[in-house]
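Listed below, chain by chain, are the residues.
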Amino acid sequence: MRSFKIGSAFGIPIKVDLTFLLILPLLAWIIGTQVGDWVTILNGVFGTSLDQAVLTQDSREWYLGLAAAVGLFAGVVLHELGHSVVAIRYGYPIDSITLWILGGIASLSEQPEDWRHEFSIAIAGPIVSIVLGALSWVVLTLFPPSLDLVRFVFGYLALMNFALAAFNLLPGFPMDGGRVLRALLARNRPFARATQMAAEVGKLFAILLGIVGLFANLFLILIAFFIYIGASSESQRTTMTAAFEGVTVDDVMTPERDLKTVAKDTTVAELMERMFSERHTGYPVTENGRVVGMVTLEDARNVKEVERDAYTVGDVMTNDVYTIPQYGDAMSALEAMQEHGVGRLIVVDANGDTVGLVSRTDLMTAFNIIQNTGRKAESPSLRT
């Protein structure tokens, strides 16, 4: 998600994704067009006597829509801060809180594997939403009818915060309810197994939610899609983390003695020939015995065939060289590749000298070997 910072709380950066800038005015417009319906709902649920005529006089409904939408997303930020503050208390740093089209995301730097920590962090957000709903209800009931504009906004926020808490507690992993479920399952199971079970429940929930969305609200289909993808991704990540426990980059990398490199002054045509003959799609680029870049098949393809003799690898290579410590854990290498959007990392020793290369293919091959044979880091067969 492309986002920019708008502030911070408790030292946590609060960001807004570009999709949020689309959903906020849309939500404000939807609320404004439905003020009459909300008056009926709020009067029925809370026993109030909101006056629709007063609320829609002089186009007030549009101001009400904007105030309610901003208030709702402020509640989402506080919901995510609830997760974040508890996480920080347990020693898990929070990278940021980001508002986007489906609400908010608190990004933890580290995944808690103690079920008590996970439970407390997951339940904190819905508790904050329930408290916000209760406080909004108090404002609604205490303010006089002469302040119907304020009462409407807080009545809406009371109902929506209660609904937000209830929806998040449904077992749609990786939503809050799914994480609570995983925490409870992890009391007497390995964390990876608990994740797999919670993810399966989450995917089933997403399918059911998508079916409901077909007949009720197409927005639910979008939510269902992200729940399904999120459950699958979290399950895969946790499974890989468990499989790579004790496995270092050194165990899976291609060592320097076996490393295929290409000189910076090699022509693109010669590079393509090497790629074809060696069945290799990426090389570290060297100059005077030093790695100065990376070149891939995609880089070479960007040069027209008739011009490949005129261009060198130095003209098309990527200058950014990302490294990983030799004895760092294998999962960190995969996360670094995802963070930088690359498929290969140069492996360096304690002195910063190149000792090998690890690719996404190396990691996936090692993962498959571990999954199928149970072999760990001490097995030389993990090398590819």
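See the structure above.
Residues numbered from 1 in each chain as written. Predicted model: local features only at pLDDT ≥ 70, side-chain atom pairs only at ≥ 80, totals over all residues. Heavy atoms only, no water.

1. Here's the deal with the packing of helix α5 (residues 115-142) against helix α6 (residues 148-168)
How we decide: Axis definition: a line fitted to C-alpha atoms, over the contacting stretch in the case of helices. Angles run 0 to 180 degrees between N-to-C directions. Elements are defined by DSSP. Helices are runs of H or I of four residues or more, strands are runs of E of two residues or more, and each kind is numbered from the N terminus. For classification, angles of less than 35 degrees are called roughly parallel, those exceeding 145 degrees roughly antiparallel, those between 65 and 115 degrees roughly perpendicular, and all remaining angles oblique. Helix crossings are classified by the rotation of the near helix relative to the far one: an anticlockwise turn of less than a right angle makes the crossing left-handed, while a clockwise turn makes it right-handed. Here a residue-residue contact requires only that any non-hydrogen atoms of the pair lie within 4.5 Å.
Where α5 contacts α6, the two axes come as close as 8 Å, and the packing angle between them is 155°. Taken together, α5 and α6 sit at an angle that is classed as roughly antiparallel. Of the two elements, α5 crosses α6, and the hand of that crossing is left-handed. Residue-level inspection shows Pro126, Ser129, Ile130, Leu132, Gly133, Ala134, Ser136, Trp137, Val139 and Leu140 of α5 in contact with α6, the latter providing Arg151, Phe154, Gly155, Leu157, Ala158, Asn161, Phe162, Leu164, Ala165 and Asn168.

2. Some details on the pairing of strand β2 (residues 12-17)
Heads up, the condition is: At least two bridges found by DSSP between two strands are what make those strands a pair.
Bridge analysis of strand β1 (residues 3-9) against β2 gives six bridges, and the strand direction is antiparallel. Paired with Lys5 across the two strands is Lys15, which belongs to β2. As consecutive antiparallel partners, β1 and β2 are separated by two residues, and within that stretch Phe10 has a phi angle of approximately 55°, a positive value. In this structure, β2 lies alongside strand β3 (residues 94-100), joined through three bridges in parallel fashion. Note that in β3 the partner of Lys15 across the bridge is Thr98.

3. Some points on the sheet that holds strand β10 (residues 344-348)
Read from one edge to the other, the open sheet built from four strands follows the order β5-β11-β10-β9, with strand pairing classed as mixed. Edge strands, defined here as strands with exactly one partner in the open sheet, are β5 (254-255) and β9 (323-325). Where β10 lies against strand β11 (residues 354-359), five bridges are found, and the strand directions are antiparallel. Directly across from Leu345, in β11, lies its bridge partner Val358. Contacts from helix α14 (residues 330-340) reach β9, β10 and β11 within the one sheet, and its direction differs from that of β10 by about 130°. Sitting on the sheet, helix α15 (residues 360-373) is in contact with β5 and β11, with an inclination near 70° to β11.

4. Some details on unusual backbone geometry
Under the convention used in this document: For each residue, the accessible area found with a 1.4 Å probe, counting protein chains only, is set against the maximum for its type, and the residue is called buried under 20%, exposed over 50%, and partly exposed in between.
The omega torsion of the bond from Phe173 to Pro174 falls at 15°, within 30 degrees of zero and hence cis. Structurally, the position occupied by Pro174 is in the loop between α6 and α7 (176-185). A positive phi is found at Asp58, a non-glycine position, where the angle reads about 55°. Structurally, the position occupied by Asp58 is in the loop between α3 (52-55) and α4 (60-89). The exposed category is assigned to Asp58, whose relative accessible area is 60%.

5. Here's the deal with the side chain of Arg182
Heads up, the condition is: N or O atoms within 3.5 Å of each other form a polar contact, as long as, within protein, one can give a hydrogen and the other can take it, and as long as residues adjacent in sequence are counted only when both atoms are side-chain atoms.
Secondary-structure assignment places Arg182 in helix α7. Overall, Arg182 belongs to the buried group, its relative accessible area being 0%. Within the local environment of Arg182, its side chain forms a polar contact with the side chain of Glu118, the two groups lying 2.8 Å apart. The contacts of Arg182, once residues within four sequence positions are left out, are Gln111, Glu118, Phe173, Phe191, Ala194, Thr195, Ala198, Glu234 and Thr238.

6. Re the packing of α7 against helix α8 (residues 191-215)
Heads up, the condition is: Residue polarity is assigned by list, with Asp, Glu, Lys and Arg as charged and Ala, Val, Leu, Ile, Met, Phe, Trp, Tyr, Cys and Pro as nonpolar; anything else, Gly included, falls into the polar class.
At a minimum axis distance of 8 Å, the contact between α7 and α8 shows a crossing angle of 140°. One way to sum up the angle between α7 and α8 is to call them oblique. In the crossing of α7 with α8, the sense of the turn from one axis to the other is right-handed. Facing Gly178, Leu181, Arg182 and Leu185 of α7, the residues of α8 in contact are Phe191, Ala194, Thr195, Met197, Ala198 and Val201. Across the contact of α7 with α8, the residue classes break down as seven nonpolar, two polar and one charged.

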